[in-house]
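For reference, the chains in residue letters:
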Amino acid sequence: MMTTTSTARPATARSASVAVLTLATVFAGMLGPLQALVNGRLGSELGDGHAAALISFGTGLVLMLVVVFAREKTRRAFLALPGQLVRGELPRWNFFAGLCGAVIVLSEGVTVGFLGVAVFQTSLISGLVISGVLCDRLGIGVRIKQAVTAQRAIGAVLAIAATLLVVSPSWSAPHMIALAIMPFVGGLLAGWQPAGNSEIGRLSGSMLVSITWNFLVGFVALGIVYLVRMAATGAHFALPDTWWMYLGGPLGLLSIALMALLVRGLGLLLLGLASTAGQLIGSILIEVAVPSHGVTLHAVTVIGALVALAAAAIAMIPSRRAVVPEPEPSGRNDA
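The name given to the chain in an unreviewed UniProt entry is DMT family transporter, with Microbacterium resistens as the source organism.

Chemist: Tell me about a nonpolar patch on the surface, and name the residues and values.
Modeler: Where nonpolar side chains cluster on the molecular surface, the patch consists of Ile181, Val185, Leu188 and Leu189 and spans about 280 Å² of accessible area. For valine 185, the position within the fold is in helix H7 (residues 174–189).

Chemist: Describe the confidence of the model for the chain, and please don't skip the residues or the numbers.
Modeler: The pLDDT averaged across the chain works out to 79; a share of 81% of its residues lies at or above 70. Model confidence for the chain, summarised as mean pLDDT per element, is weakest for strand E2 (residues 324–325) at 48 and strongest for helix H2 (residues 49–69) at 93. Per-residue pLDDT stays below 50 along residues 324–335; that stretch engages in 14 contacts with residues further than four places along the chain or on separate chains.

Chemist: Tell me about the nonpolar core, residues and numbers included.
Modeler: Grouped together as the largest cluster of nonpolar side chains are 17 residues, with contacts concentrated most on Val129, Ile130, Ala159 and Leu280. Residue assignment for this core shows that the elements contributing at least two residues are helix H5 (117–138), helix H6 (150–167), helix H11 (268–289) and helix H12 (299–315). Sort the elements by how many residues they give to this core and H12 lands first, with six residues. Excluding residues that lie within four positions of it along the chain, valine 129 makes contacts with Gly155, Ala159, Ala311, Ala312 and Ala315. Counting residues in each nonpolar core, the second largest holds 14 residues, with Phe57, Met64, Ala102 and Ala235 among its members.

Chemist: Describe the packing of H2 against helix H9 (residues 207–233), and please don't skip the residues or the numbers.
Modeler: Orientation of H2 relative to H9, taken along the N-to-C sense of each, is 145°, at an axis distance of 8 Å. Read as a crossing pair, H2 and H9 show a hand that is left-handed. Tallied by class, the residues present in the contact of H2 with H9 amount to 18 nonpolar, seven polar and one charged.

Chemist: Lay out H9 with the relevant residues and their values.
Modeler: Compared with the 39 Å implied by 1.5 Å per residue over 27 residues, the 38 Å span of H9 between its first and last C-alpha is a close match. Within H9 the residues assigned to the buried category are Val209, Ser210, Ile211, Thr212, Trp213, Asn214, Phe215, Val217, Gly218, Leu222, Gly223 and Tyr226. Where H9 begins, one side-chain oxygen reaches toward the backbone nitrogen of leucine 208, 3.2 Å away; that side chain belongs to serine 206.

Calculation rules
Each residue is numbered by its place in its chain's sequence as written, counting from 1. The predicted origin of the model limits local features to residues at a pLDDT of at least 70 and limits the giving and counting of side-chain atom pairs to 80 or more, whereas totals for whole chains, interfaces and linings rest on all residues. The side-chain figures draw on all heavy atoms in the structure; neither hydrogens nor water molecules are used. A patch consists of residues whose relative accessible area exceeds 30% and which take part in no salt bridge; residues with like charges are grouped when within 9 Å of each other, and nonpolar side chains (Val, Leu, Ile, Met, Phe, Trp, Tyr) when within 5 Å. Methods summary: accessible areas were calculated by the Shrake-Rupley approach with a probe of 1.4 Å, and residue burial reflects only the protein chains presented. When a carboxyl oxygen of Asp or Glu lies within 4 Å of a side-chain nitrogen of Lys or Arg, that pair is called a salt bridge. Secondary structure elements follow DSSP: runs of H or I no shorter than four residues count as helices, runs of E no shorter than two count as strands, and numbering proceeds from the N terminus. pLDDT runs from 0 to 100 and stands for how confident the predictor is about each residue. The criterion used for residue contact is that any of the two residues' heavy atoms lie within 4.5 Å. Buried Ala, Val, Leu, Ile, Met, Phe, Trp, Tyr and Cys residues form a nonpolar core when they are joined through side-chain atoms within 4.5 Å. We call a residue buried when its accessible area falls under 20% of the maximum for its residue type, exposed when it is over 50%, and partly exposed in between, using a 1.4 Å probe and counting protein chains only. Here an angle of 0 to 180 degrees is reported between the N-to-C directions of two axes, which are lines fitted to C-alpha atoms, with helices fitted over the stretch in contact. Should the near helix be turned anticlockwise from the far one by less than a right angle, the crossing is left-handed, and should it be turned clockwise, the crossing is right-handed. For this classification, Asp, Glu, Lys and Arg are treated as charged, while Ala, Val, Leu, Ile, Met, Phe, Trp, Tyr, Cys and Pro are nonpolar and the rest, including Gly, are polar. By this rule, a helix spans an expected 1.5 Å times one less than how many residues it contains. The term polar contact refers here to a pair of N or O atoms within 3.5 Å; inside protein, the definition further demands a hydrogen-donor-capable atom paired with an acceptor-capable atom, and it admits residues adjacent in sequence only when both atoms are side-chain atoms.

Given below as structure tokens:
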């Protein structure tokens, strides 16, 4: 009896620990729609979603530069990246993964004020589900390729259905559907962003350096395009007067940091599902508590969010067949 009781206690403690970590991950996932809300309000305040994305990336970049340059090791690793890029020590597309984040943050500033957080987040996650299935099949960012099984195909189809559901109230407004496509495309592109960031982290020996590089690339890309806009259209850059509108970048960083800590206790599958649930639950709650101007929360939006969650859960099931090892590219430096 003593043995049974002593064995049951660690199992109970483990279950309780997983439950607490899962709830924490749901909370961390809610930071995503909160960031979208901040950037969307910033874009509406400035009347320029592009400027909002630039400010969001800029605040995140400043914070990460302070962290990275505070330590000699990470400072040296960060400053060495341009030379490694020129020498081609990694596939060069890995160095530009920050462009995906730029597309997502830009779509927050441009579309959230019109679509609302719930529609934006559902469209984004639907794109992420499809991207995840494709990246796993092609071996992008993973050591083995995952076959496109029936459940993964069903997950991808459900992701498309979720997007169609949330945009269905806007069939009579083609411009709204076009706006909803933007976060969907951002989700499709974002599938290979973790792969690029992981490789930069491996090369530099620090994920802090990788995240900082990600912010730098996104900020520079957005800045160059904005300068072109200023020259071509006379656009004027302005800063908001409200302090919380500068929190988009820090909220994104906080979410990244929490996920990095929580993945050790939950694993990727449970982390991904819990964070997706947090994003969708958070987006619905935000839409109820802080509704976007002129945006109505429709029943099909809630149904679409639930379908997107189901799509993510189904698509995350690992494939047990047709697993193809990814060959190591010749000439890769794994030192």
